[in-house]
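Spelled out, the chains give:
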Amino acid sequence: MRNARVTHYEDTPRDIVITGNDYPPHYVLPRHAHKRGQLLYAATGVVTVITDEGSWVVPPRRALWIPAGVAHEVRMSGVVSTRSAYVRNEAATALPVRCRVIGVSLLLHALLLEAVDVPAEYALDGRDGRVMALLLDEIAAMPALPLNTPLPRDPRLARLCRAMIAAPALEIDIDAMAHKAGMSRRSFTRLFRQQTGMSFSAWRQQACLLAALTRLAGGDSITQVAVDLGYSSASAFTAAFRRVLGAAPTRYLAADEWLLRGAGDT
């Protein structure tokens, strides 16, 4: 179904239903939740999803799995075209129990594009039913990607981290963060790693790189993004981006190159 609200279809007697929607730059879907799990696929543009547990960035040709009942806000960077697969809980047992960005194979990409024109109550024993069953199998087979910035549970740390996600920069100092939290450096670093699974410096870099993805998708230059985030040069920023995400920024966001190389970096 194209440009359709899934609330009209969540009770459809099928394991999976597909919608496709287009959004202008900077469009925001307010916080909401679904009865079904949602695979949110960014065919074009970059999507940022925010939950109580963290922030996930979904570049072109990647997707985010959002379990049923998880409240989330969605923000669009650039012109965004999405395909969403909504999966009943009974059919989602092989899928993650928490939000996760996944790679998208050429097969999954093709299945999502095909399935958006399948009627909501497709024939289970026909071609459409087989397409949907294969789509579900392919979602479960996709690899996880490191495209999230987790939020700590501690209210003091969560407040500071939300502010930093909104305006990340490499020069934000760990001692200043500890002071703002009313904690010693040692207590801050121990609790931060305990609740996020990352050191503060690694988390800070992750927040910067994911913010860079959204800005680059919106048309900002690599040089400007690098300067604003506090990197010494565009080349230093590109090197950090490649080291963490596996490809240079322009290549990472290039949908046409993704198709030519067969989704090799997913």
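Before reading further, recall that the structure is shown in the block above.
Residues numbered from 1 in each chain as written. Predicted model: local features only at pLDDT ≥ 70, side-chain atom pairs only at ≥ 80, totals over all residues. Heavy atoms only, no water.

Q: How should helix α3 (residues 155-166) be read in this particular structure?
A: For the α-helix, the turn length of 3.6 residues means that residues three or four positions removed from each other point alike. Over its twelve residues, α3 runs 17 Å from end to end, which matches the ideal 16 Å to within 8%, given 1.5 Å per residue. Buried residues along α3 sit in contact with α4 (174-180), α5 (185-196) and α6 (200-217). (Helix = DSSP H or I, 4+ residues; strand = E, 2+ residues; numbered from the N terminus. Expected span 1.5 Å × (residues − 1). Contact = heavy atoms within 4.5 Å.)

Q: Explanation requested: the packing of α3 against α6 in the structure shown.
A: Relative orientation and spacing of two packed helices are given, respectively, by the angle between their axes and the distance between those axes. Where α3 meets α6, the axes come as close as 9 Å, and the angle between the chain directions of the two elements is 35°. Handedness of the crossing formed by α3 with α6: right-handed. Together, Cys-161, Met-164 and Ile-165 of α3 and Phe-200, Trp-203 and Arg-204 of α6 make up the contact between the two elements. Classifying every residue of the contact of α3 with α6 by side-chain character gives five nonpolar, no polar and one charged. (Axes fitted to C-alpha atoms, helices over the stretch in contact; angles between N-to-C directions. Left-handed = near helix turned anticlockwise from the far one by under 90°. Nonpolar A, V, L, I, M, F, W, Y, C, P; charged D, E, K, R; others polar.)

Q: Please explain the environment of Asn-21 as it appears in this structure.
A: Tracing the backbone through its elements, the reader meets Asn-21 in strand β1 (residues 16-23). Its relative accessible area of 13% is what places Asn-21 among the buried residues. Sequence separation of Asn-21 and Ala-4 is 17 residues, and the distance between their C-alpha atoms is 7.2 Å. Setting aside residues up to four positions removed in sequence, Asn-21 forms contacts with Asn-3, Ala-4, Val-80, Ser-81, Thr-82 and Arg-83. (Buried < 20%, exposed > 50% of the residue type's maximum accessible area, 1.4 Å probe, protein only.)

Q: Honestly, the environment of Phe-192 in this entry has me stumped. Any pointers?
A: Secondary-structure assignment places Phe-192 in helix α5. When the C-alpha atoms of Phe-192 and Gly-126 are compared, they prove to be 52 Å apart, with 66 residues separating the residues in sequence. With residues up to four places along the chain from it excluded, the contact list for Phe-192 reads Leu-157, Cys-161, Gly-197, Met-198, Ser-199, Phe-200 and Trp-203.

Q: Honestly, the nonpolar core in this entry has me stumped. Any pointers?
A: A general tendency of soluble globular proteins is for nonpolar side chains to be buried together. Ranked by internal contacts, the top residues of the largest apolar core, which has 35 residues, are Val-47, Leu-64, Leu-147, Leu-213, Tyr-231 and Phe-237. Looking at this core, the elements that each hand over two or more residues are β3 (37-51), β4 (54-58), β5 (62-66), β6 (72-87), α6, α7 (222-229) and α8 (234-245). Each residue touching Leu-213, except ones within four places of it in the same chain, is listed here: Val-46, Val-57, Pro-59, Leu-147, Phe-241, Leu-245, Tyr-252 and Leu-253. (Core = buried A, V, L, I, M, F, W, Y, C linked by side-chain atoms within 4.5 Å.)

Q: Please explain the pattern of salt bridges as it appears in this structure.
A: Once their charged atoms are close, side chains differing in charge can pair, the charge on each being opposite to the other. For the structure on display, the rule yields eleven salt bridges. Measuring nitrogen to oxygen at the nearest pair gives 3.1 Å for the salt bridge that ties Arg-31 to Asp-52. Of this pair, Arg-31 sits in strand β2 (residues 28-32) while Asp-52 sits in the loop between β3 and β4, and the two are 21 residues apart along the sequence. With a closest N to O distance of 3.1 Å, Glu-114 and Arg-127 form a salt bridge. Remark: Arg-127 occurs in helix α2 (residues 127-141) and Glu-114 occurs in helix α1 (residues 106-115); sequence separation between them is 13 residues. Residue Glu-114 is classed as partly exposed on the basis of its relative accessible area, which comes to 36%. Note on Arg-127: relative accessible area 47%, which makes it partly exposed. Each of Glu-114, Arg-127 and Asp-128 takes part in a single network of salt bridges with overlapping partners. (Salt bridge = Lys/Arg side-chain N within 4 Å of Asp/Glu carboxyl O.)

Q: Sorry if this is basic, but what is going on with the packing of aromatic side chains here?
A: The relation between two aromatic rings is expressed through the spacing of the ring centres and the mutual angle of the planes. In total, this model carries eight aromatic pairs according to the counting rule given. Note on Phe-192 and Trp-203: the rings are 5.7 Å apart at their centroids and 90° apart in plane angle, and the pair reads as edge-to-face. Of the two residues, Phe-192 sits in helix α5 while Trp-203 sits in helix α6, which places them eleven residues apart along the sequence. Residue Phe-192 is classed as buried on the basis of its relative accessible area, which comes to 1%. Of note, Arg-14 hangs over the ring of Tyr-122, and the distance from its end group to the ring centre comes to 5.6 Å. (Phe/Tyr/Trp six-rings, centres within 6.5 Å; stacked < 30°, edge-to-face > 60°. Lys NZ or Arg CZ within 6 Å of the ring centre and 35° of its normal.)

Q: Help me understand unusual backbone geometry in this model?
A: Most peptide bonds are trans, and most residues other than glycine sit at a negative phi. For His-26, which is not glycine, the phi dihedral falls at a positive 70°. With respect to the element layout, His-26 can be found in the loop between β1 and β2. Relative accessible area serves as the criterion here: at 67%, His-26 is assigned to the exposed category. Non-glycine residue Arg-61 carries a positive phi angle of around 70°. Mapped onto the elements, Arg-61 comes out in the loop between β4 and β5. On the basis of relative accessible area, Arg-61 is assigned to the buried category, the value being 9%.

Q: Quick question: what am I supposed to make of the layout of surface pockets here?
A: Gaps left between atoms show up when a probe the size of a water molecule is rolled over them. A volume near 540 Å³ is recorded for the largest pocket. Every residue lining the largest pocket is counted, 26 residues in all, and those nearest its centre are Thr-48, Ile-50, Arg-75, Ile-165 and Ala-166. Contributions of two or more residues to the lining of the largest pocket are made by β2, β3, β4, β6, α3 and α6. Among the elements that take part in the lining of the largest pocket, α6 stands out by supplying five residues, more than any other. Partitioning the lining of the largest pocket into residue classes produces twelve nonpolar, eight polar and six charged. Lining the second largest pocket are 23 residues, with Arg-5, Tyr-23, Leu-29, His-32 and His-34 positioned closest to its centre. At the level of secondary structure, the elements contributing two or more residues to the lining of the second largest pocket comprise β1, β2, β3 and β6. It is β6 that contributes the most residues to the lining of the second largest pocket, six residues altogether. Partitioning the lining of the second largest pocket into residue classes produces eleven nonpolar, ten polar and two charged. (1 Å grid on protein atoms, 1.4 Å probe; cavity = no way out; pocket = protein on both sides within 12 Å on 5 of 7 lines; lining within 4 Å. Points joined across faces, edges and corners; volume = space filled by probe spheres on them.)

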